[in-house]
Amino acid sequence: MRIDIVTLFPEMFENVLGHSILKIAREKNLVQYHLFNIREYADNRRCVDDRPYGGGPGMVIKPEPVFNTVEAIGQQTDIPSKKILLTPQGQRLTQSIAKELAKEPYLMLMCGHYEGFDERIRTGLDVFELSIGDFVLSGGEIPAMVVIDAVVRLIPGVLGDLDSAINESFSCDLLEHPQYTRPADYRGMKVPEVLLSGHHQKIKEWQKDHAIKRTRERRPDLIE
Ligand SMILES: C[S@@+](CC[C@H](N)C(=O)[O-])C[C@H]1O[C@@H](n2cnc3c(N)ncnc32)[C@H](O)[C@@H]1O
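Note that the structure is predicted; figures quoted are calculated from it, not measured. (Residues numbered from 1 in each chain as written. Predicted model: local features only at pLDDT ≥ 70, side-chain atom pairs only at ≥ 80, totals over all residues. Heavy atoms only, no water.)

A few points about the pairing of strand 5 (residues 82–92)
Here is step 1: Pairing geometry for strand 5 and strand 6 (residues 106–110), over four bridges, is parallel. In the strand pairing of strand 6, Lys-83 is matched with Met-108.
Here is step 2: For the handedness criterion, the β-α-β arrangement of strand 5, helix 4 (residues 95–101) and strand 6 is classed as right-handed.
Here is step 3: Two strands pair when backbone bridges link them, and strand 5 and strand 7 (residues 128–131) are joined in this way by five bridges, in the parallel orientation. By the bridge assignment for strand 7, Arg-92 is matched with Ser-131. (Pairing = 2+ DSSP bridges. Helix = DSSP H or I, 4+ residues; strand = E, 2+ residues; numbered from the N terminus. Right-handed = clockwise from strand over helix to strand, strands pointing away.)

Okay, structure coming up:
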């Protein structure tokens, strides 16, 4: 998968893309990340935003530097990208959206800032509007990182153990069962006997029962 990130703050990504699963995915050649600084594509390099028509606080990202960036990227490759505009007004990210996005060969993530994007970026660029939740952040960079992490770990071959993504919370409309590791007794808090039994069938049943119990307690909406 190729992932392009269109942003005013490319430096913010270096750490996140350079560690853990996102780094491993790149090292395994399963994903390539490309960062594009919107400012470099502005006709006047210093000016990427302006005051909103009709008045109001803050600054709005101008259409021209964003269209210029997207068009310059388009000249690098013939493959069409799925363009994702990060906005709190978009469809809310879920595990099933992440799964769908993981099947795409080429994603372009567009990060807003300040008061957000000029509306013509939304209407003129054939974008999928995506939100990471019902709250407002200062910019689209952290949402883009969230989307990248959620998607990249689902690309086949990225996680060492395939099962780890299959059994996770939300993957089967359930939260995951409780997990334990060594020691079997920590300060008197004991690991359930069945998990130490080596009886695979019983362990699977315990895990399923506890996934359902936990989901019913915490997220009854998922059970429904
Ligand atoms: C301060 S926000 C703009 C909010 C906008 N004025 C509104 O009320 O809808 C600036 C940028 O942060 C990003 N952003 C903020 N919250 C987000 C969220 N929950 N999901 C995705 N992107 C978000 C978007 O890229 C947005 O353009």
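Some remarks on the domain arrangement of the chain
Here is step 1: When its domains are assigned, the chain resolves into domain 1 (2–152) and domain 2 (168–223).
Here is step 2: Taking the mean C-alpha position of each, domain 1 and domain 2 sit 37 Å from one another. (Domains from an automatic or database assignment.)

Looking at the UniProt feature "binding site: S-adenosyl-L-methionine" (unreviewed entry) in the chain
Here is step 1: As recorded in UniProt, the sites labelled "binding site: S-adenosyl-L-methionine" (unreviewed entry) are Gly-112, Ile-132, Gly-133, Asp-134, Phe-135, Val-136 and Leu-137.
Here is step 2: Structurally, Gly-112 can be placed in the loop between strand 6 and helix 5 (119–124).
Here is step 3: According to the relative accessible area criterion, Gly-112 is buried, its value standing at 8%.
Here is step 4: Not counting chain neighbours up to four residues away, the residues in contact with Gly-112 comprise Ile-61, Phe-117, Gly-139, Gly-140 and Glu-141. (UniProt positions renumbered as here; feature names shortened; annotations may be inferred. Buried < 20%, exposed > 50% of the residue type's maximum accessible area, 1.4 Å probe, protein only. Contact = heavy atoms within 4.5 Å.)

Description of the side chain of Ser-131
Here is step 1: Considering the arrangement of structural elements, one finds Ser-131 in strand 7.
Here is step 2: With residues up to four places along the chain from it excluded, the contact list for Ser-131 reads Thr-87, Pro-88, Gly-90, Gln-91, Arg-92 and Leu-93.

A few points about the sheet that holds strand 7
Here is step 1: Across the sheet, five strands lie side by side as 2-1-6-5-7; this open sheet has parallel pairing. In this open sheet, the two edge strands, each paired with only one partner strand, are strand 2 (32–37) and strand 7. Direction aside, the axes of adjacent strands within the sheet are offset by 30° on average.
Here is step 2: Taken strand by strand, helix 3 (residues 63–74) contacts strand 1 (2–7), strand 2, strand 5 and strand 6, and its axis lies near 165° from that of strand 6. (Axes fitted to C-alpha atoms, helices over the stretch in contact; angles between N-to-C directions.)

Here we look at the nonpolar core
Here is step 1: Counting residues in each nonpolar core, the largest one holds 33 residues, and the members touching the most others are Ile-3, Tyr-33, Leu-130, Ile-148 and Val-152.
Here is step 2: Listing elements by their share of this core, those giving two or more residues are strand 1, helix 1 (13–17), helix 2 (20–27), strand 5, helix 4, strand 6, strand 7 and helix 6 (141–152).
Here is step 3: Ranked by residues supplied to this core, first place goes to helix 6 with seven residues.
Here is step 4: In contact with Ile-3, not counting residues within four places along its chain, are Val-31, Gln-32, Tyr-33, His-34, Leu-107, Leu-109, Ile-148 and Val-152. (Core = buried A, V, L, I, M, F, W, Y, C linked by side-chain atoms within 4.5 Å.)

Considerations on the site of the ligand
Here is step 1: Surrounding the ligand, one finds 20 residues, the nearest of these being Leu-86, Gln-89, Gly-112, Glu-115 and Phe-135.
Here is step 2: Contact between the ligand and Glu-115: a nitrogen atom at 2.9 Å from a main-chain N or O atom of the residue.
Here is step 3: Here an oxygen atom of the ligand and a backbone polar atom of Gly-139 are 3.5 Å apart.
Here is step 4: Protein chains shield 85% of the accessible area of the ligand, which is 590 Å² for the free molecule. (Near = heavy atom within 4 Å. Polar contact = N/O pair within 3.5 Å; in protein donor to acceptor, adjacent residues only side chain to side chain. Areas by Shrake-Rupley, 256 points an atom, 1.4 Å probe, with all protein chains shown as cover.)

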